Amino acid sequence: MKLTYLKPLFLLLAWYAFNSQAQNPSSGATTIILVRHAEQDKTIEKDPPLNADGIQRTELLKDVLSKTKIAAAYATTYTRGKATAEPVAKANGIEISYYKLEDDEAALIKSIQEKYVGKTVLIIGHSGNIAELLNAASKSTTYNDKAIDGFSDFYVVDLVGDKPAVVTRLKYGK
């Protein structure tokens, strides 16, 4: 992965940090950073671990989020989800909370919004549930699995009360 992608991303994240209502706990905003798990080893069919690129991507994610205080991290119990969340969780001194792909996305989003008002939460998703999580947060059907492509996208989701979420799509790595 080339580090040339970092400079524009850091500038964008710095802009976001200064302009997001989520940086002000009194605003009542909860921010969710939604990321697909990193690249997995395709030679293993059942619950594959991350491959070398995936391991490198987890460190990049940790570095990209190093200036953001993460209050909680959520991942599925799949090896690739846990492994993607671990560096960020460790850097923030938090344990990973686990959810199941079968869980109700709207209930998960609502629970996080109520529990972490004014805070930022990381959710590691999978290609099959990121769209559902985004739709639950934005109270829409805008997102679909076909739009979620690759491992370099991540979404910053600002939730305030019952309003539809403000979703910002960013990229990290290649």
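The structure displayed is predicted, hence computed values, not measured ones.

Enquirer: Give a detailed account of the side chain of T120, specifying residues and quantitative values.
Expert: Examined against the element boundaries, T120 turns out to sit in strand 4 (residues 120–125). Residue class for T120 comes out buried when judged on its relative accessible area of 6%. When residues no more than four places from it in sequence are discounted, the contact partners of T120 are T31, I33, T68, K69, I70, A71 and A72.

Enquirer: Got a sec to walk through the confidence of the model for the protein chain? Specific residues and values, please.
Expert: Within the protein chain, residue pLDDT values average 87, and 84% of them lie at 70 or more. For residues 1–5, every residue scores under 50 in pLDDT, and the model assigns this stretch 8 contacts once sequence neighbours within four places are set aside.

Enquirer: Would you mind going over helix 5 (residues 130–138) in detail, with residue names and values included?
Expert: Counted residue by residue, helix 5 has 7 buried out of 9 residues, so it is predominantly covered. Every buried residue belonging to helix 5 is among I130, A131, L133, L134, N135, A137 and S138, and all of these are buried. Check the buried side of helix 5 and you find it contacts strand 1 (29–36), helix 4 (105–115), strand 4, strand 5 (153–160) and strand 6 (166–171). Backbone geometry just downstream of helix 5 places K139 in the positive-phi region, at approximately 55°.

Enquirer: Describe the pairing of strand 5, with residues and values.
Expert: By the criterion of burial, strand 5 is predominantly enclosed, with 8 of the 8 residues buried. Of the two faces of strand 5, the one holding D153, Y155, V157 and L159 and the one holding F154, V156, D158 and V160 are both buried throughout. Here 7 bridges tie strand 1 to strand 5, and the two strands are oriented antiparallel to one another. Across the sheet, residue A29 finds its bridge partner in strand 5, namely V160. Across 6 bridges, strand 5 lies against strand 6 in antiparallel orientation. Along strand 6, the bridge assignment pairs Y155 with R169. The antiparallel hairpin formed by strand 5 and strand 6 contains 5 residues in its connecting segment, where G161 sits at a positive phi of about 55°.

Conventions adopted
Residues numbered from 1 in each chain as written. Predicted model: local features only at pLDDT ≥ 70, side-chain atom pairs only at ≥ 80, totals over all residues. Heavy atoms only, no water. Helix = DSSP H or I, 4+ residues; strand = E, 2+ residues; numbered from the N terminus. Buried < 20%, exposed > 50% of the residue type's maximum accessible area, 1.4 Å probe, protein only. Contact = heavy atoms within 4.5 Å. pLDDT = per-residue confidence, 0-100. Pairing = 2+ DSSP bridges.

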